[in-house]
Each structure stands twice: as structure tokens, then as C-alpha cells.
Amino acid sequence: MQLRRILVFTTQKLLRLGLLLLAVAIFTFVLLSLSPIDPVQAYIGADMMQISPEQRQLIAERWGLDQPMLLRFGDWLGQLAQGNWGTSMVFNQPVGAVIASRFSLSVQMLAIAWLLSGLLGLGLGIVAGALAGTWIDRAIRLYAYTLASSPTFWVALLLLIVFSVSLKVTPICCAAPPGQLAADVTFWQHLHHLLLPALTLSIIGVASITLHTRQKLIDVLHSDYVLFARAQGESLWGVIHHHGLRNLILPALTLQFASLSELFGGAVLVEQVFAYPGLGEATVQAALRSDIPLLVGIVFFSALFVYTGNTLADLAYPLIDPRIRLGG
Amino acid sequence: MTTTLVSSPISQFAGNRRRRTLWGIALGALCLLAIILSPWVIGEGGLSPMLTQRNQPPSWAHAFGTDWLGRDMLSRSLHGMSLSLRIGLLAASLSALIGTGLGLAAGTLGGWVDAVITWIVDVFFSLPHLVLLILIAFAVGGGTKGVVIAVALTHWTSLARVIRAEVLQVNSSDYVQLSHRLGRSPLWIARHHMVPHVIPQLLVGLILLFPHAILHEAALSFIGIGLSPHIPAIGIILAESMRHLSTGYWWLGVMPGVLLLLSVKAFDWLGENVRTLLDPKTSQG
């Protein structure tokens with residue numbers, strides 16, 4: 001029975017993923033075919049002047065650019081499905097390899113930021129909710145509201161000014177000390193370069209989870225069962241421990257997994273400020289230097305990333321709340 | 001939310017909540033208007049290079065300091081912020097139009113129209129917002145046009161959802177059903193029952209769209225996909241300051257960012273106060 005449910009769940013999820021990727025493919029294809037960017041020109045770049053119109057025609061024919069749109073889409077989709085994602089022009093490597101190497105650097109930063117912002121947000125939210133109306137609550141809310149409306153890249157800039165330029169405790173750029181081979185970088189050096197970008201992402205990610213946790217805890221504290229528990233002599237922190245956390249953790253987890261999409265976007269900006277050579281920096285490079293295969297690859301990858309986050313949330317629910325069953 | 005409304009001593013002086021809300025709206029709107037109109041008031045005077053006054057920290061003469069060419073950072077920031085606000089307003093208004101149109105269509109027409117629109121919204125939510133912005137801005141060729149189109153095309157989704165839900169809810173309410181039975185035309189019902197419900201949602205949704213639109217415009221310009229470097233929007237000014245960070249000229253990065261943060265805050269505040277005023281639960285009190 002359990003096995004069958006897992007099987008149904010997996011099939012459902014994979015089917016939905018397939019549909020989603022198909023939708024993203026259609027969207028990306030239509031967008032890029034309507035765009036005024038000439039693919040031949042984008043591919044050749046600065047050498048465009050040295051190419052005769054005949055050669056250009058030849059390239060267009062070789063690529064099938066003279067075919068009708070639907071046929072081209074079919075061709076392209078077929079290639080994608082076979083795992084041929086094209087070659088990145090900026091990095092001169094297959095798109096898959098670029099994404100894999102860049103993401104391996106980003107994922108550590110994202111993981112630290114994700115965990116830290118979740119724990120910090122939950123903690124701050126609980127404190128603010130339990131002490132609602134006090135100045136501590138006001139301070140936490142002010143902090144959360146201010147962060148919610150500050151530009152990510154500016155917060156990164158501020159931290160860079162404070163910690164790297166003034167205090168000189170963190171490096172100013174990159175994922176490793178300059179001039180050092182990637183193989184020689186020690187774990188501590190790596191962590192040292194990772195710390196500030198990850199910290200930036202996590203203090204920005206705190207806002208929404210703090211405010212939601214606070215509101216939820218206030219709702220819980222005003223319920224009848226909490227009133228009853230208090231009447232029996234349970235302390236405030238006892239109530240939060242026994243009644244609050246169970247109710248808080250599920251929405252907090254949903255929010256935190258849903259925030260993966262924002263985290264990915266934040267990483268693009270933060271990596272740009274810290275010159276951290278992760279996937280976000282590659283995204284900017286791809287767009288600035290018209291590297292269409294890489295950009296398309298990253299769009300697909302980010303969709304997969306967000307989808308994985310949502311699926312993980314679905315998987316986590318039955319573990320936390322046994323009343324919830326997999327697949328509804 | 002009732003618990004958070006702890007009355008402070010100040011509230012007794014400032015009058016009742018309705019009055020305070022109105023004051024808040026007036027103040028927020030005035031603030032934003034001042035920033036938008038500031039370039040015409042202060043003129044181009046501070047923008048010309050003054051090489052004798054290079055890299056000066058904030059002082060009374062130059063509240064935001066001066067840059068590496070001796071230009072007054074306060075004038076530059078205000079010019080840039082005004083430009084960013086205008087672009088953000090244009091893009092957010094376009095986005096609100098799309099959102100309202102699609103939300104109304106999904107809510108009233110139902111059937112496959114509803115299914116398609118809901119599906120499009122789902123696809124938009126399945127990609128990181130910034131990646132989507134970059135893709136669209138890139139595909140339409142970048143520049144100012146790219147930013148406006150990208151921001152307009154990606155911010156309508158939540159508003160469309162809200163309006164769709166509102167229409168569906170009103171549509172299934174008893175008084176609308178009764179109106180149908182009484183022989184009112186769908187147009188009459190839309191005019192007298194739908195519009196009064198949708199307009200407040202639209203207004204609040206529109207105002208709360210602005211801060212997102214402005215932040216995303218600034219982010220796109222900051223990474224270099226948005227406005228061209230010759231048009232100094234706030235994102236461009238911040239991106240330029242990056243090159244001068246290691247020299248210790250902190251005010252180049254900090255001060256324009258403070259202005260951006262304040263503008264976004266002003267919009268948030270305006271939106272919250274308009275919501276308080278329009279919501280029947282909180283408008284009187």
C-alpha cells in the first residue's frame with residue numbers, strides 16, 4: 001500500500017515536471033524567436049564584418065533557420081531531449097559542463113544561506129511573536145520590514161564595505177585567493193570566501209519567514225487550547241515548545257522551500273557584487289555577451305531547481321506531520 | 001492582527017486612525033512626488049564635473065559627498081532615482097493593466113480561458129523572478145525598452161490571481177445570484193457589483209507593485225542588462241560605485257542606496273495606508 005502510494009506520487013511528480021519543462025521550452029523558444037537578436041550574429045560576434053552574405057546564408061541554412069517555426073521547435077526540442085544543450089560561447093565548453101561546474105560552487109553558498117535564513121527567521125519570528133507588542137518585537141519587525149524592501153545588491157555592497165574594505169576580515173572578491181590554483185585551495189580558504197556572500201543571502205532571506213512565523217505564533221497564542229494550557233500552569237516558553245512549534249514548523253518549511261526561487265535570484269545579484277564565480281555570475285555573463293545556449297540552459301536548470309524545492313517540501317510534510325499522506 | 005494595535009501615547013495626539021492614515025498617504029505621496037520632480041527643481045548644476053572637489057566625503061555643501069569627477073552625488077542620486085521611479089511607474093502600470101485584464105478574463109469567462117491563464121501564471125511562478133527578467137530583457141534586446149517590457153511582463157501574476165479570486169468570490173455570492181434572477185444584465189452586474197470590489201484591490205495591488213518594479217529595474221540596471229551606462233539610473237550609479245569601493249569612498253555606494261531604500265519604503269507605506277483606508281474593516285476607527 002505504502003509502496004503504491006510512493007509510486008503514484010513519483011509518477012505524478014515526474015509527469016508534472018515534464019509538462020513544466022515543456023512549457024518553459026515553448027515559452028523560451030517563442031520569446032527568443034520573436035526577439036530582434038540575430039542568432040548568426042550572436043554566434044559570430046565581432047567577426048561579423050569578415051563574413052560575406054553568402055556565408056551567412058550558408059550558416060543559416062546549415063542551422064535550419066530557413067525552416068518554419070514549428071519544425072525548428074521540434075528539431076530543437078529533440079536535441080535538448082537527447083542531452084545536446086549546445087556549446088557555451090563565453091566559456092567555450094558544453095553548456096552542461098559549465099552549469100555543473102558553476103553550480104557546484106553556488107550550491108554551497110545557497111545551502112549555507114538557506115539553512116541560516118531558515119533558522120534565524122524561525123527564531124526571530126518566535127521571539128517577536130512571543131513578545132508581541134514589546135520593543136523587542138518592534139525592533140524585529142522594523143528589521144524585517146526594512147530588509148524586505150532593501151535592494152539585495154545594495155545590502156551586499158554594504159557588507160562588502162564594512163567587512164572587506166573597512167575591517168578587512170573577509171576577502172573582497174572571488175572564490176579563492178588570487179593567483180592560486182583551484183586544486184591548492186584549502187577548505188578554510190574556501191569557506192572564508194564563501195562566508196560573506198552566504199551571510200548576505202541569509203540576512204535578506206530572513207524577512208518573510210520571520211513575519212509569517214510571528215503572525216502564526218500570535219494566532220496560536222490566542223487559541224483556546226493555549227488558554228487552557230496556561231490555566232493549567234504551563235509557562236509561555238512551555239506553550240511555545242509544546243503547542244507553538246508544531247503549528248509553526250509546517251508553514252515555515254513551506255515558505256522556506258518556496259523561497260528557493262528568490263534565493264536563486266538573490267544569488268545572481270550577490271555573486272555579481274562579490275565577483276563569486278558561481279552560476280549566478282554565469283547567468284549575467286550569458287545575458288551580457290549574448291550566449292544564448294548557456295542562458296537557455298540556465299533557465300531550464302533554474303526551473304528544475306525551483307521544482308525540486310517544491311517537491312522536497314511535499315516530501316517533508318509527511319515526515320513532520322504524520323496525518324498528511326504522500327500524494328494527498 | 002488586533003493585538004498589534006497597541007495604542008501608544010503618540011496616537012492620542014495625532015488624532016484618530018483615519019486621520020493618521022490620511023496623513024500617511026499625503027506624506028508618502030508628497031515624498032515620492034518630490035523625488036520624481038526634483039531634477040527639474042535642482043537643475044543640472046550639480047552634474048557638471050568640478051575637478052577641484054573630487055572624492056569629498058559627505059558634508060553640508062554636499063550631503064551625499066562628491067564622486068571621482070567632483071560631481072555632487074546628491075544631485076546625481078536624485079536624477080537617477082527620479083528616472084528609475086518614472087520607469088518603474090510606467091512598467092508597473094503596464095503590468096497592472098495586464099494583471100487586471102487577465103484576472104477579469106479568468107474570473108468571468110471561466111472554462112478554458114481560466115485554465116490557460118492559470119497555467120501561464122503557474123509557469124511564471126516556476127522560474128526564479130530574476131532569471132525570467134534577465135531572459136525577457138535579453139530577448140527584447142536590452143536597453144530601456146528591455147527593462148520596461150521585462151518588468152511589465154513579469155509582475156502581473158499575483159495581481160491577476162487576486163483579482164481572479166475576488167471575481168470568483170463575488171460571482172458566487174448570493175446577491176449576485178439574486179441579481180441574475182432579477183433579470184439584470186451581466187454588464188449591469190459587472191458595473192454595480194464587481195467594480196466596487198475590484199477597484200480597491202486593483203489600487204492597492206498597483207501601489208504595492210511599484211516597489212517591486214523599481215527594485216527589479218534597479219537590479220537589472222545594476223548587473224548591466226538594463227539602461228545604458230550613459231543614462232545614470234540609480235542602478236547604474238550603484239554599479240559605478242563598485243569600482244571605487246576598495247579605495248574607501250564608501251559614500252558612493254551607501255548614499256544612493258539609502259535614497260533607493262527610502263523610495264521603496266515610501267511606496268510600501270503609501271500602499272499600506274491606502275489599504276487601511278479602503279478596507280471597510282479598518283477604514284473607520
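Residues numbered from 1 in each chain as written. Chains lettered and ligands numbered in written order. Predicted model: local features only at pLDDT ≥ 70, side-chain atom pairs only at ≥ 80, totals over all residues. Heavy atoms only, no water.

Draft legend 1. Spotlight on the overall build of chain A. When helices and strands are tallied, chain A shows 13 helices and two strands. A burial count over chain A gives 43% of its 328 residues as buried. Residue pairs in contact within chain A that sit at least 24 positions apart in sequence constitute 73% of those at least 6 positions apart. When the accessible surface of chain A is totalled, it reaches about 17,200 Å², and 66% of it is carbon and sulfur. Positive and negative charge centroids in chain A, built from 18 and 17 side chains respectively, lie 12 Å apart. (Helix = DSSP H or I, 4+ residues; strand = E, 2+ residues; numbered from the N terminus. Buried < 20%, exposed > 50% of the residue type's maximum accessible area, 1.4 Å probe, protein only. Contact = heavy atoms within 4.5 Å. Areas by Shrake-Rupley, 256 points an atom, 1.4 Å probe, with all protein chains shown as cover. Lys, Arg positive; Asp, Glu negative; His and termini not counted. Charge placed at Lys NZ, Arg CZ, Asp CG, Glu CD.)

Draft legend 2. Examining the packing of helix H10 (residues 234-242) of chain B against helix H11 (residues 251-278) of chain B more closely. All names here are of chain B. Packing of H10 against H11 brings their axes to within 8 Å, and their N-to-C directions diverge by 160 degrees. Taken together, the axes of H10 and H11 are roughly antiparallel relative to one another. Here the hand of the crossing between H10 and H11 comes out left-handed. Of the residues in H11, those touching H10 at Ile234, Ile237, Leu238 and Ser241 are Leu252, Gly253, Pro256, Gly257 and Leu260. Across the contact of H10 with H11, the residue classes break down as six nonpolar, three polar and no charged. (Axes fitted to C-alpha atoms, helices over the stretch in contact; angles between N-to-C directions. Parallel < 35°, antiparallel > 145°, perpendicular 65-115°, else oblique. Left-handed = near helix turned anticlockwise from the far one by under 90°. Nonpolar A, V, L, I, M, F, W, Y, C, P; charged D, E, K, R; others polar.)

Draft legend 3. Examining the interface of chain B and chain A more closely. With 44 residues of chain B at the interface, the matching set in chain A holds 45 residues. In this assembly, chain B packs against chain A so that about 3,900 Å² is buried in total across both faces, 82% of it on carbon and sulfur atoms. Viewed at the interface, chain A and chain B are joined by zero salt bridges. When contributions to the side of chain B that touches chain A are tallied by element, the ones reaching two or more residues are helix H4 (111-125), helix H5 (129-139), helix H9 (186-223), H10 and H11 of chain B. Its residues assigned to classes, the side of chain B that touches chain A comprises 32 nonpolar, ten polar and two charged. (Buried area = accessible area lost by both parts, 1.4 Å probe. Salt bridge = Lys/Arg side-chain N within 4 Å of Asp/Glu carboxyl O.)

Draft legend 4. Spatial organisation of the packing of helix H2 (residues 17-42) of chain B against helix H3 (residues 73-109) of chain B. Residues and elements named next belong to chain B. At a closest axis distance of 8 Å, the pairing of H2 and H3 adopts a crossing angle of 125 degrees. Regarding the angle of H2 to H3, the classification is oblique. H3 is crossed by H2, and the crossing has left-handed handedness. Two secondary-structure elements touch here, H2 through Leu32, Ile35, Ile36, Ser38, Pro39, Trp40 and Ile42 and H3 through Ser75, Leu78, His79, Met81, Ser82, Leu85, Arg86 and Leu89. Residues belonging to the contact of H2 with H3 are distributed by class as follows: ten nonpolar, four polar and one charged.

Draft legend 5. Highlighting empty space enclosed by the protein. Residues and elements named next belong to chain A. Counted according to the given criterion, the structure contains two cavities of 30 Å³ or more. Taken as a whole, the largest cavity spans an internal volume of roughly 60 Å³. Thr170, Pro171, Ile172, Cys173, Cys174, His192, His193, Leu196, Pro197, Phe274 and Tyr276 together form the lining of the largest cavity. Top contributing element to the lining of the largest cavity by residue count: helix H8 (residues 187-221), with four residues. Here the lining of the largest cavity is composed, by residue class, of eight nonpolar, three polar and no charged. Quantified by volume, the second largest cavity comes out at close to 40 Å³. Considering the residues around the second largest cavity, the lining is formed by Phe103, Ser106, Leu110, Phe264, Ala267, Val268, Leu279 and Gly280. Mapped onto the lining of the second largest cavity, the elements with two or more residues apiece are helix H5 (95-130), helix H11 (260-274) and helix H12 (279-288). In terms of residue class, the lining of the second largest cavity is made up of six nonpolar, two polar and no charged. (1 Å grid on protein atoms, 1.4 Å probe; cavity = no way out; pocket = protein on both sides within 12 Å on 5 of 7 lines; lining within 4 Å. Points joined across faces, edges and corners; volume = space filled by probe spheres on them.)

By themselves these figures say nothing about function.
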